[in-house]
Amino acid sequence: MKVSIEVNGKKEEHDVEDRTLLVFFLRETLGLTGTNIGCDTTNCGACTVIMNGESVKSCTVLAAQADGQKVLTIEGLGTSQDDMHPMQEAFRQNHALQCGYCTPGMVMAAVSLVHDNPNITEAEVREGLEGNLCRCTGYHNIVKAVLAAAGSGGGDL
Amino acid sequence: MSILGNRVLRKEDPKFLTVGGTYVDDIGLAGALHVAYVRSTFAHARILSIDTEEARKAPGVVAVYTAADVDLGPRPPEMPMFNQAMTRSLLADDTVRFVGECVAAVVADTRARAVDAAELVQIDYDPLPAVVDVETALRDETLLFPAAGTNLAMDMTFGTDEHFMDGCEVVVRHQFLNHRVAPCPLEVRAASAEWSPEGRLTQYSSTQAPHGVKSGLAGALALDEAQVRVLSPDVGGGFGAKMGTYPEELLVAWMARRLGRPVRWVETRSESMVGLGHGRGQLQEVEIGGSRDGRILAYRLNVIQDGGAYPAIGAVLPFMTRTMLSGVYDIPKVEFNSRSVVTNTTPTVAYRGAGRPEATAAIERVLDMFAAEIGMDPAEVRRRNLIQKDAFPFTTPTGTVYDIGDYVRALDLALEAADYPALRAAQKQRRESGATKQLGIGLSVYVEITNGMPSSEFGAVEVRPDGTVVVRTGTSPHGQGHVTAWAMLVSEQLGIPIESIEVVHGDTDVVPRGVGTFGSRSLQAGGVAVNQAATAVVERARQLAADLLEANPDDVILDKVGQRFHVQGTPAAGRSWKELAAEAESQGGLTAEVDFTAPGPTFPFGAHLVVAEVDTETGLVEIKRIVAVDDAGKILNPMLAEGQVHGGLAQGVAQALLEEVRYDEDGNPVTANLADYAFVTAAELPSFERIAMETPTPVNELGAKGIGESGTIGSTPAVHNAVCDALVHLGVRHVPMPTSPQRVWRAINEATGKASA
Ligand code: FES
Ligand code: FES
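Values in this document were obtained by computation on a predicted structure and should not be read as measured data. (Residues numbered from 1 in each chain as written. Chains lettered and ligands numbered in written order. Predicted model: local features only at pLDDT ≥ 70, side-chain atom pairs only at ≥ 80, totals over all residues. Heavy atoms only, no water.)

Colleague: For this particular structure, what's the right way to read the overall build of chain A?
Modeller: The number of helices and strands found in chain A is 5 helices and 5 strands. The linear arrangement of helices and strands in chain A, starting from the amino end, is β-β-α-β-β-β-α-α-α-α. Its C-alpha atoms give chain A a radius of gyration of 15 Å, near enough to 15 Å, the size a compact globule of 157 residues would have. For the C-alpha atoms alone, the extent of chain A along its principal axes is close to 45 × 30 × 25 Å. Within chain A, the fraction of its 157 residues that count as buried is 58%. Just so you have it, chain A exposes about 5,800 Å², and 45% of that area is on carbon and sulfur atoms. Charged side chains of chain A number 11 positive and 20 negative; the gap between the two group centres comes to 4 Å. (Helix = DSSP H or I, 4+ residues; strand = E, 2+ residues; numbered from the N terminus. Rg over C-alpha atoms; globule rule 2.2 N^0.38 Å. Buried < 20%, exposed > 50% of the residue type's maximum accessible area, 1.4 Å probe, protein only. Areas by Shrake-Rupley, 256 points an atom, 1.4 Å probe, with all protein chains shown as cover. Lys, Arg positive; Asp, Glu negative; His and termini not counted. Charge placed at Lys NZ, Arg CZ, Asp CG, Glu CD.)

Right, here's the structure in full:
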């Protein structure tokens, strides 16, 4: 089937198999490999992207369901060191990443979390990121980064 | 002004944060085929037949392979101490020995089609009795390898002294299961292979040790090592489990050769939960004896290690447990015996701490039981037995030589930071008021071994004519931040800013030799090699500058701020790095290579204190505080070191509280995906309170020890002790790990006599 999805501000029209998941559409059809896959049971959040302003796990959304929608991935946030989104910058300043595998999904989830709740507390960050797993950081610095960004545009979309 | 010891932000991060890392499965190879493995659904069975007919006919399928097709033969265990009859075929031959073992491989033009076709492979099994636990294995009633005549893969028994506990006023014994856990790097395993027309293999691998994979591939495929290039781009975590060369990876190379086309493979998480090695799995009989005034006189540990279906690194880890047997304590008599057995479960491998957490967990938990028995504060019992600061280098009864430490200070720092007396007072109050939520305070004082078996590591530094630097390292970071850390070391020596220093790793063609990143070895092995290479480059440059300036090299100094060499006192006439590198170009460049082997391991140590709140009605545990003192010698970059500690703490807490790999009685895994496995999340953890302590080691010039595993080693027993401590006044002696609500609830009810059902 044919889908037309606005990805990072650019209209993408492609023919895909009906069963194609959004995450594979991003990674394989568009070559946007920043979005990762870490599980097959919707538990890890490595695939998190923002669709129409809401964070979604792109492994649970069919490309067909995203037809006509706006999708934002890590590649569409800040694209270089000098042009980072406040959330990306907070992750960097607070050493909130190690192997980097959870990072794109974690950043997207965090942006959405802060977007919805700019005065977020530590407990709310921890609850809010429950669906985004990280094996490296012990979450300590991720929580710190999200709280730091919350006060400085971390939820801007 | 030194850059060392500063919180330098990572050079790696902008890429990870803006476009994401480049992991193996992000790399497409032109014309590549995809493989999906068909895995055993039985723990132990004979394969009667395999029907691949339907799969072969499926759309897009190029080939289907079974053991009969693979001409590489079964391989005996790599380590010579294992029973050599316990061989493994890359695809299961006539018998499957664990759920998840590869039986067939389906290659197709797309991944989805390979997966679809894999479902069509029909395997007829004749089930055999499954050996799921180590005690059953030891009875040898069902043998995994009849040719071996036993399930015992490795025997390390030294005997038992009947009079061992003579003279002890109090003896406490207990059986602990240091249960299996899944390493769960967030990136699962992936590999892809491509052969050149000349027969040279290029393999991409998600590994901690690319040079090890290179040797593994060369060995398995009977190639000269020069015919193999291994690339490990960004790697999404390893934690010890991505060290060896797995059958799936060897097969990818084999299939690519057979088909004459590139082949790609990435497992699913559900495959990874059974295919990637597991950690721990040690059944421990622990006995501790001492006097009523708190002096420990004798300590004995007998273990049965679960090796899983095919003996690998996990089965040899009791050796590390023995190395760290008596921990931070000065105990006159110790005894250790271990037997490693095979079972019908996923093979065990190294996992963060690898053999040392098991040692620490045993002694730290039983020490608390001993303290409860004699009615003494657990902190006081520890204090009375700690090895004293002036006793180093200290030789333990098992012959381990600890380099340096100050264990009393570590304990004091943790107690002070947590305000231990206040915590005990709060606990007392809750106990007296009979509050539903009781407070537990758990301690652990630990020492561990890093760079345990020192081997050579490669480091090279080259200043290029444009004044930039390239560093090549044999270590293989996957989150640790070597790109930044090694650049800091070089910048310190050369004065060139880290922005101009590139660090290259994970390509065996560019880095000629290397060992990799595991066992918390990287800084003290690879970091020192890089540091020495940098020093050597400075010396070469000084010599060259002296020649050009017609001066005595001893009079030539490096002005690090100006990044140039000149004769002392006459800064005007000098040569910059750029000029010297250009000058050296005709003479092989301004470069130095070092292979460094440390004279011995180092022994990081620390003290962790955990405060837990336990709901006595529901059994639910909430961790309120984690205070961690971790001393890994001199710290190169505190930000990176803290990150390592944080991650380690989380994984240690996870083992104590949540995570456990479980099998049913038939050997079916019941935690084989991330919905069923209790992977620790942000919601279950508090923020950590880390207290810095630095006791430089004399073992290397950086004064550095490893920091990668300490957090895990110290925190598991501290959490475990905290949970048990919350309940000790109710008569609960012990709660097995992980301390799930059900287990806690049952322990309370058993102790208080309410357990009627
Ligand atoms: S890949 Fe794990 S939640 Fe989507
Ligand atoms: S940084 Fe490695 S999984 Fe989060």
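Colleague: Would you mind showing me how to read the interface of chain A and chain B here?
Modeller: Accessible area lost when the parts come together is the quantity often used to give the size of an interface. On the side of chain B, 52 residues touch chain A, which itself brings 48 residues to the contact. Interface area for chain A against chain B, summed over the two sides, is near 4,200 Å², with a carbon-plus-sulfur share of 56%. Area buried by chain A at its contact with chain B is led by Arg92(A), His95(A) and Arg135(A), which between them contribute 20% of it. At the junction of chain A with chain B, the criterion picks out 5 salt bridges. (Contact = heavy atoms within 4.5 Å. Buried area = accessible area lost by both parts, 1.4 Å probe. Salt bridge = Lys/Arg side-chain N within 4 Å of Asp/Glu carboxyl O.)

Colleague: Please clarify how the side chain of Glu613(B) should be interpreted in this entry.
Modeller: Residues and elements named next belong to chain B. Examined against the element boundaries, Glu-613 turns out to sit in strand β26 (residues 605-615). A polar atom in the side chain of Glu-613 sits 2.9 Å from the side chain of Arg-430. Other than its neighbours up to four places away in sequence, Glu-613 contacts Arg-430, Lys-437, Gln-438, Leu-439, Leu-620, Val-621, Glu-622 and Lys-624. (Polar contact = N/O pair within 3.5 Å; in protein donor to acceptor, adjacent residues only side chain to side chain.)

Colleague: Looking at this model, I keep getting lost on the pairing of strand β5 (residues 102-108) of chain B. Mind explaining?
Modeller: Side-chain positions along a regular strand alternate between the two faces of the sheet. Residues and elements named next belong to chain B. Counting buried positions over the 7 residues of β5 gives 7, a clear majority of the element. Of the pairings in the sheet, the one linking strand β1 (residues 33-39) to β5 comprises 6 bridges and is antiparallel in character. Note on β5: the bridge partner recorded for Val-38 is Ala-104. Note that strand β3 (residues 61-66) and β5 share 5 bridges and pair antiparallel. Its bridge partner being in β5, Val-61 is matched across the sheet by Ala-108. (Pairing = 2+ DSSP bridges.)

Colleague: Explain the domain arrangement of chain B here, please?
Modeller: Residue and element names in this part refer to chain B. Examined at the domain level, chain B breaks down into domain 1 (282-451 + 601-751) and domain 2 (455-596). Placing the centre of domain 1 and that of domain 2 at their C-alpha centroids yields a distance of 40 Å. With 18 residues of domain 1 at the interface, the matching set in domain 2 holds 18 residues. Together domain 1 and domain 2 conceal approximately 1,400 Å² of surface at their shared face, both sides included; 58% is due to carbon and sulfur atoms. For domain 1, the biggest contributors to the area lost against domain 2 are Asn-451, Leu-636 and Leu-702; these three give 43% of the whole. Residue composition of the side of domain 1 that touches domain 2, grouped by class: 5 nonpolar, 8 polar and 5 charged. (Domains from an automatic or database assignment. Nonpolar A, V, L, I, M, F, W, Y, C, P; charged D, E, K, R; others polar.)

Colleague: Would you take a moment to explain the domain arrangement of chain A for this structure?
Modeller: Residues and elements named next belong to chain A. Parsing chain A into structural domains produces domain 1 (2-76) and domain 2 (86-150). Here domain 1 and domain 2 have C-alpha centroids that lie 21 Å from each other. Across the domain 1 to domain 2 interface the summed buried area is about 1,200 Å²; carbon plus sulfur atoms make up 57%. Contact with domain 2 buries surface across domain 1, with Asn-36, Thr-48 and Ile-74 losing the most and accounting together for 38% of the total. Seen at the junction of domain 1 and domain 2, the total is 0 salt bridges.

Colleague: So what exactly am I meant to see when it comes to the pairing of strand β24 (residues 570-576) of chain B here?
Modeller: Residues and elements named next belong to chain B. Across 4 bridges, the pairing between strand β23 (residues 564-567) and β24 is antiparallel. Note that in β24 the partner of Arg-564 across the bridge is Ser-576. Between β23 and the antiparallel strand that follows it, β24, lie 2 residues; Gly-569 among them carries a positive phi value of about 90°.

Colleague: For this particular structure, what's the right way to read the environment of Ala414(B)?
Modeller: All names here are of chain B. By the secondary structure assignment, Ala-414 is in helix α12 (residues 407-418). Overall, Ala-414 belongs to the buried group, its relative accessible area being 0%. Look past the residues within four positions of Ala-414 in its chain and what remains in contact with it is Ala-607, Leu-609, Val-627 and Val-629.

Colleague: I'm lost on unusual backbone geometry in this one. Help?
Modeller: Of all residues except glycine, most have a negative phi; of all peptide bonds, most are trans. Residue and element names in this part refer to chain B. Following Phe-392, the chain continues into Pro-393 via a peptide bond in cis, with omega recorded as -5°. Relative to the helices and strands, Pro-393 is located in the loop between α11 (378-385) and β16 (394-395). Omega for the bond connecting Met-737 with Pro-738 falls within 30 degrees of zero, at -15°, which places this linkage in the cis form. Relative to the assigned elements, Pro-738 resides in the loop between α18 (710-727) and α19 (741-751). Backbone geometry places Ala-354, a non-glycine residue, at a positive phi of 40°. A relative accessible area of 9% means that Ala-354 is categorised as buried.

Colleague: Is there a simple way to think about the nonpolar core in this case?
Modeller: It is characteristic of soluble globular proteins that their nonpolar side chains tend to be buried jointly. Core analysis: the biggest nonpolar cluster contains 86 residues, and Met87(A), Phe91(A), Tyr139(A), Val146(A) and Ile623(B) have the highest contact counts within it. Counting residues in each nonpolar core, the second largest holds 82 residues, with Ile304(B), Phe392(B), Ile441(B) and Phe603(B) among its members. (Core = buried A, V, L, I, M, F, W, Y, C linked by side-chain atoms within 4.5 Å.)

Colleague: Please explain the packing of helix α10 (residues 356-374) of chain B against α11(B) as it appears in this structure.
Modeller: Residue and element names in this part refer to chain B. With their axes 9 Å apart at the nearest point, α10 and α11 run at an angle of 110° to one another. Judged on the interaxial angle alone, α11 and α10 are roughly perpendicular. The hand of the α10/α11 crossing is right-handed. Packed against α10, whose contacting residues are Glu-364, Leu-367, Asp-368, Phe-370, Ala-371 and Ile-374, the element α11 presents Pro-378, Val-381 and Arg-382 at the interface. For the contact of α10 with α11, the class distribution of residues is 6 nonpolar, no polar and 3 charged. (Axes fitted to C-alpha atoms, helices over the stretch in contact; angles between N-to-C directions. Parallel < 35°, antiparallel > 145°, perpendicular 65-115°, else oblique. Left-handed = near helix turned anticlockwise from the far one by under 90°.)

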